[in-house]
Amino acid sequence: MRSPVREGILSVAGALFYREGVRAVGVDRIIAEAGVAKATLYRHFPSKEHLVAACLSERHERVLEALKAALEGVSGPRARLGAIFDQLRAKADAPEFRGCAFALAVAEHGESERVSAIARTHKTAVREIFARILSEAGISSPRTAGHLALLYEGALASVAVHRDPSFVETSRDCALDVLEWSLQQKQT
């Protein structure tokens, strides 16, 4: 069972880390905004690194649930790929969107193997979603799943840099082209 205090700290810290950056947000600020004592924070998270890792783990679960929800009731590989990119487009349209929280955390806190490992786990899970979609189309190609994952990652990065959510549509179109090409190769 999750503690409401722990969840409150994670919520505050996760929002601050994403909005302002891991290094820019100190533990004292998190304590003040979460309305907890320093001892309470450290009882739940022995260090800032543990807190960052916990925030990323929680975000990982949330993102995977959102992707799963985006795919519910959607059939066919083209529609399923489109649904993933449509879900990303909806996120990218939000004014607070800064790109991939995992890439941002690694860029700032990459010396932490704990943080980097969670980011790698997340990226692997997203690639596996693409692999399952390909498998449903009869395509067993880790390389092609990697291509689709890179298009997804590229959309995240491009929107963050250019502040233009239309990059998601470009990536979606490329992903659909990759799928189409793969289906044609399968037939030959």
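Residues numbered from 1 in each chain as written. Predicted model: local features only at pLDDT ≥ 70, side-chain atom pairs only at ≥ 80, totals over all residues. Heavy atoms only, no water.

K.L.:
Just give me the short version of helix α8 (residues 142-162), but keep the residues and values in it.
P.N.:
Between its first and last C-alpha, α8 extends 30 Å over 21 residues, near the 30 Å set by a 1.5 Å rise per residue. For α8, the full list of buried residues reads Thr144, Ala145, Gly146, Leu148, Ala149, Tyr152, Ala155, Leu156 and Val159. A positive phi of about 55° marks arginine 163, the residue just after α8. (Helix = DSSP H or I, 4+ residues; strand = E, 2+ residues; numbered from the N terminus. Expected span 1.5 Å × (residues − 1). Buried < 20%, exposed > 50% of the residue type's maximum accessible area, 1.4 Å probe, protein only.)

K.L.:
How would you sum up helix α1 (residues 4-20)? Please name residues and give values.
P.N.:
Helix length check: α1, at 17 residues, gives a terminal C-alpha distance of 24 Å against a target of 24 Å (1.5 Å per residue), a fit within 8%. Of all the residues in α1, the buried ones are Ile9, Leu10, Val12, Ala13, Gly14, Leu16, Phe17 and Tyr18. In this structure, the buried side of α1 is in contact with α2 (27-34), α3 (38-44), α4 (48-71) and α6 (101-109). The N-cap residue of α1 is serine 3: its side-chain oxygen and the backbone nitrogen of valine 5 are 3.2 Å apart. (Contact = heavy atoms within 4.5 Å. Polar contact = N/O pair within 3.5 Å; in protein donor to acceptor, adjacent residues only side chain to side chain.)

K.L.:
I'd like a rundown of the pattern of salt bridges, residues and numbers included.
P.N.:
Tallied over the entire structure, the rule returns 16 salt bridges. In this structure, glutamate 58 engages arginine 62 in a salt bridge whose closest nitrogen and oxygen atoms are separated by 2.3 Å. Placement of the pair is glutamate 58 and arginine 62 together in helix α4, with a separation of 4 residues, close to one helical turn. Accessibility expressed as a relative area gives 42% for arginine 62, which makes it partly exposed. Between lysine 123 and glutamate 153 there is a salt bridge, with its nearest N and O atoms 2.7 Å apart. Placement of lysine 123 in helix α7 (residues 113-136) and of glutamate 153 in helix α8 is noted, with a sequence separation of 30 residues between them. A relative accessible area of 22% means that lysine 123 is categorised as partly exposed. Residue classification places glutamate 153 among the partly exposed positions, given a relative accessible area of 22%. What emerges from the salt-bridge pattern is a single network uniting Arg19, Glu20, Arg29 and Glu33. (Salt bridge = Lys/Arg side-chain N within 4 Å of Asp/Glu carboxyl O.)

K.L.:
Can you tell me about the environment of arginine 98, naming the residues and giving the values?
P.N.:
When you line up the elements, arginine 98 lands in the loop between α5 (77-92) and α6. Residue arginine 98 is classed as partly exposed on the basis of its relative accessible area of 30%. Taking C-alpha positions, arginine 98 is 8.5 Å from valine 161, a pair spaced 63 residues apart along the chain. If sequence neighbours within four positions are ignored, arginine 98 has contacts with Phe17, Tyr18, Arg19, Glu20, Gly21, Leu104, Ala160 and Arg163.

K.L.:
Help me get a handle on the packing of α5 against α8, residues and values and all.
P.N.:
Two quantities define a packed helix pair, namely the angle between the axes and the distance from one axis to the other. Put simply, α5 and α8 touch, their axes get as near as 11 Å, and they point 15° apart. It follows that α5 is roughly parallel to α8 by the angle criterion. The interaxial crossing formed by α5 with α8 has right-handed handedness. Where α5 approaches α8, its residues Leu81, Ile84, Phe85, Gln87, Leu88 and Ala92 are matched on the opposing element by Leu148, Leu151, Tyr152, Ala155, Leu156 and Val159. In terms of residue class, the contact of α5 with α8 is made up of 11 nonpolar, 1 polar and no charged. (Axes fitted to C-alpha atoms, helices over the stretch in contact; angles between N-to-C directions. Parallel < 35°, antiparallel > 145°, perpendicular 65-115°, else oblique. Left-handed = near helix turned anticlockwise from the far one by under 90°. Nonpolar A, V, L, I, M, F, W, Y, C, P; charged D, E, K, R; others polar.)

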